[in-house]
Amino acid sequence: MSRWLLHAALLGLLTGCASTPNLPPPAVGERPSIESDEAGLWAQMEAFEKRLQYAPDRVTDPALNAYVRDLTCKLAGEYCGDIRVYILRQPYFNAAMAPNGMLVIWTGLLLRAEDEAQLAFVLGHEIGHYVSRHSIERWRQMKSTANVATAISVLSAGAGAGLAGALATMGAYSSLYAFSREQEREADDYGLKRLRELGYDPRRAGQLWAAVWDEERQRERGLMSAIFATHPASEERRDRLLQAAADGEGQRGFENFQARVAALRPSWFEDELSRRHFRQSAVLFARLRALPPLAGEAAYYQGEMYRKRAGEGDVTRALEAYDAALAAGRAPPAVHRSRGLVLRQLGRAEAAREAFRRYLELAPEASDRAMIESYLQ
Amino acid sequence: MNRVDRSTRWSTLLLMLLALSGCASTRTEHGAGLSGESRLAAGKHVLLVEPDIELYELLASGVTEPRADWTQTARSNVAVAMRAALARRGATVSEYEAPTDPQQAAAERQIILLHEAVGGSILVHRYLGVPLPSKGKDFDWTLGPGAARLGREGEFGLFIYLRDSYATAGRKAMMAVGLLLGVGVSLGQQVGFASLVDLRSGQIVWFNVLQSGSGDLRNPEDASRAVTLLLDEAPL
Amino acid sequence: MKRWTRPALLLALLLLAGCGSMLVQPGPRRVDGLQLDTPVSWTERGSKGHRIWTRDGTALNALHLYTEIKPGEHVMRQRYGLKKDEGARFRAGLSAVEAQELIVDALRASGATDLKSEGLRPHLFAGETGFRFELSFANAQGLRYQAMAAGEVENGTMSWLIFLAPSEHYYERDRVHVEAILASLARR
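Residues numbered from 1 in each chain as written. Chains lettered and ligands numbered in written order. Predicted model: local features only at pLDDT ≥ 70, side-chain atom pairs only at ≥ 80, totals over all residues. Heavy atoms only, no water.

Draft legend 1. Structural view of the sheet that holds strand β11 (residues 186–187) of chain C. All names here are of chain C. Spatial strand order, β2-β3-β11: three strands in an open sheet with antiparallel pairing. The open sheet has two free edges, formed respectively by β2 (27–31) and β11, since each of these has just one partner strand. Here strand β3 (residues 34–38) runs beside β11; their pairing, made up of two bridges, is antiparallel. Pairing of Gln 35 across the sheet is with Ala 186, part of β11. Packing against the sheet, helix α3 (residues 170–184) makes contact with β3 and β11, and its axis sits at approximately 145° to β3. (Pairing = 2+ DSSP bridges. Helix = DSSP H or I, 4+ residues; strand = E, 2+ residues; numbered from the N terminus. Contact = heavy atoms within 4.5 Å. Axes fitted to C-alpha atoms, helices over the stretch in contact; angles between N-to-C directions.)

Shown next as structure tokens:
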């Protein structure tokens, strides 16, 4: 709900906002002087970053962190030492860069990116915000306008709306993460530039946004989107990115990326399912199912989505998806438990029991063994 | 349950407190068995746990802007005043440092987070008056025996929270205009609380909330006054 | 367990002050079509269909009792900020495995992070064949909580309870009292 307040407030602010002259890029290792307004922001961000060290949803897996950190470093060039990356386990497509060099990326984004080029684009885009000092630009623009008091009070109302809202708002300074159209374009251009310079295929950027837009379109009004307001998905943005890279070519880094996220991705699928926003999940899972190494896993989760949605015909769809997952050989043992539950609903009691038995065979340490055993009686 | 800057959550509760109770005052709660008269024996060791202090500038537009320079000055003024006030009471002071072992640090952090939850309950049920009929009249709140983890050096943990904002000239001008028109414009609030925890048992032996509209923490004398007010009747 | 915006929190606190907090004495008690026995006293808030019991404030201990949730209703009776088909809603013919999923999803949606649930097993609930499981999670600040949930999905509706408290000191202190309450539950 807070995302809508945020959106509404910002739409009021963004159109017709006087632009200030571009700030020079930061010097490497630069810190703002203590009387400046930037210093106040830094202090807030540093306090937030300190808490982030203990955040319960922080992903601490060393291998994944090393991978994302190294990629960020490559993209950041001379600013490598000024930027610190954090991965948070949240099922939303979002990344944010604070003016003090803190870069936060959410697992919902890692689930939705298909290859290293797409991840690199997002990271490069965030670094673009840092290099162009967009946060402080926005803050200065906002401070002097008459609308700002209303905006801040509306936006800080969003600060109480749960973890997702709170992170995007980072206290009362949420508007800093909702950049103007012009600033988003600048950051996009920077992202594309870095992709080209490092030999990645720049067309992947527009293709990521096309996929994100497809998902975004499925959102029912009022439902919280998986795509955050800080990275508004729009046809315009997708088209612009596709056009800007039309003649491009380069590496995708597909195998490498898939290998790096394989271990944690099942948990991200689970988180997406937990949201119970089936329309968006359906589009996402269908897209991921089309990627060969993910086909089996995505089919299983698509089945789970049908089972949970429990709409007309969903039980049959679920069974088909589970069978596809089994055929691809990449389904977790829990697929048999799910088959059992669905077969039970269809009244196929013996087939259900067989499926439950298979589940317990494959997962002898299952935490819900006692319940499943009761289904066998 | 949300990750709002915990300061935003406290501010909300404390501003409510202000709205409900009117003018400047301190209210003190004492743990069971402790009155304002009694004093714990001199020579007690106090562990200062993560003083949470922030200063803001209140702009004419109503926006509060964080001021890193003011915050730093206030933190150092308050730290100096705190050490002096505690020394006058015969206590020795040290500041909490998380241990290097990450598991130990996480376990100690849980106690600090639990204090925030317990402090929140105290504010809601003792100060804001939301009834809790099943809980007795005595002030009886605890962090549990796990608090002893922090107590390897200090015998009492002192937790402090302070927020203050100061108006700019533009805001003061608005205030003057507002008064003429009969509209109240706030100049900024000073809110704070402190609690003292017996780290051996986890029992909160003393809790105090400060509300005041005056005093400039950027100024050492005022900081000293604020600290005195805050430690008002502390059993130290 | 709702997500409060600042204005909503202020309003809620104002409304709560002096309003609807009842003392629950130790001993037998009737609650919403159920009979139970509590070894300790509690403060009760809420209304028919959702009662909230606490001893030190809901951030420190909270026992939620939900009764007769009908098909289509949210498993935690959340009414605001949800569209008709959205969220963790009860459905007729639900299995215990799926009831656990609903509860887990609802808790995640209300802000619980790093949530793990385990030990799903059959358990008597008010004389019906029901379920029980345990959970652990952290709130947004990182304070770790433990919880136990039990309920039943027979007869076309869902009734269930959950007890949540910080892992540090508070959960263990009252867990045994909640076990006693759960064991004493019966239909009137």
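From this point on, the discussion continues.
Draft legend 2. Geometry of the pairing of strand β4 (residues 42–47) of chain C. Residues and elements named next belong to chain C. Bridge count between strand β1 (residues 22–24) and β4: three bridges; the pairing is antiparallel. Across the sheet, residue Val 24 finds its bridge partner in β4, namely Trp 42. Pairing between β4 and strand β5 (residues 50–54): five bridges, direction antiparallel. Among the inter-strand pairings, Glu 44 is bridged to a residue of β5, identified as Trp 53. Connecting the antiparallel pair β4 and β5 is a turn made up of two residues, with Gly 49 showing a positive phi of about 100°.

Draft legend 3. The state of the cysteines, seen in detail. All names here are of chain A. Applying the stated criterion across every chain yields a total of one disulfide over all chains. Across the disulfide from Cys 73 sits Cys 80; the S-S distance is 1.9 Å. Every disulfide takes its handedness from the sign of the S-S torsion; for Cys 73 and Cys 80 that torsion is -100°, giving left-handed. Taking relative accessible area as the criterion, Cys 73 reaches 30% and is therefore assigned partly exposed. On the basis of relative accessibility, which here comes to 26%, the residue Cys 80 falls in the partly exposed class. (Disulfide = S-S within 2.5 Å. Buried < 20%, exposed > 50% of the residue type's maximum accessible area, 1.4 Å probe, protein only.)

Draft legend 4. A look at the sheet that holds strand β2 (residues 95–97) of chain A. Residues and elements named next belong to chain A. An order of β1-β3-β2 is seen for the three strands of this open sheet, with the pairing classed as mixed. With partners counted over all chains shown, the strands left at the sheet margins are β1 (84–88) and β2, one partner each. Neighbouring strand axes in the sheet, compared pairwise and without regard to direction, differ in orientation by 15° on average. In terms of strand pairing, β1 meets strand β3 (residues 102–106) through five bridges, oriented parallel. Pairing of Tyr 86 across the sheet is with Val 104, part of β3.

Draft legend 5. Expanded view of the side chain of Gln 258 of chain A. Residues and elements named next belong to chain A. Inspection of the secondary structure puts Gln 258 in helix α12 (residues 254–261). In this structure Gln 258 comes out as buried when scored by relative accessible area, which is 8%. If we skip the residues at most four places from it in the chain, Gln 258 touches Glu 114, Arg 265, Leu 291 and Leu 294.

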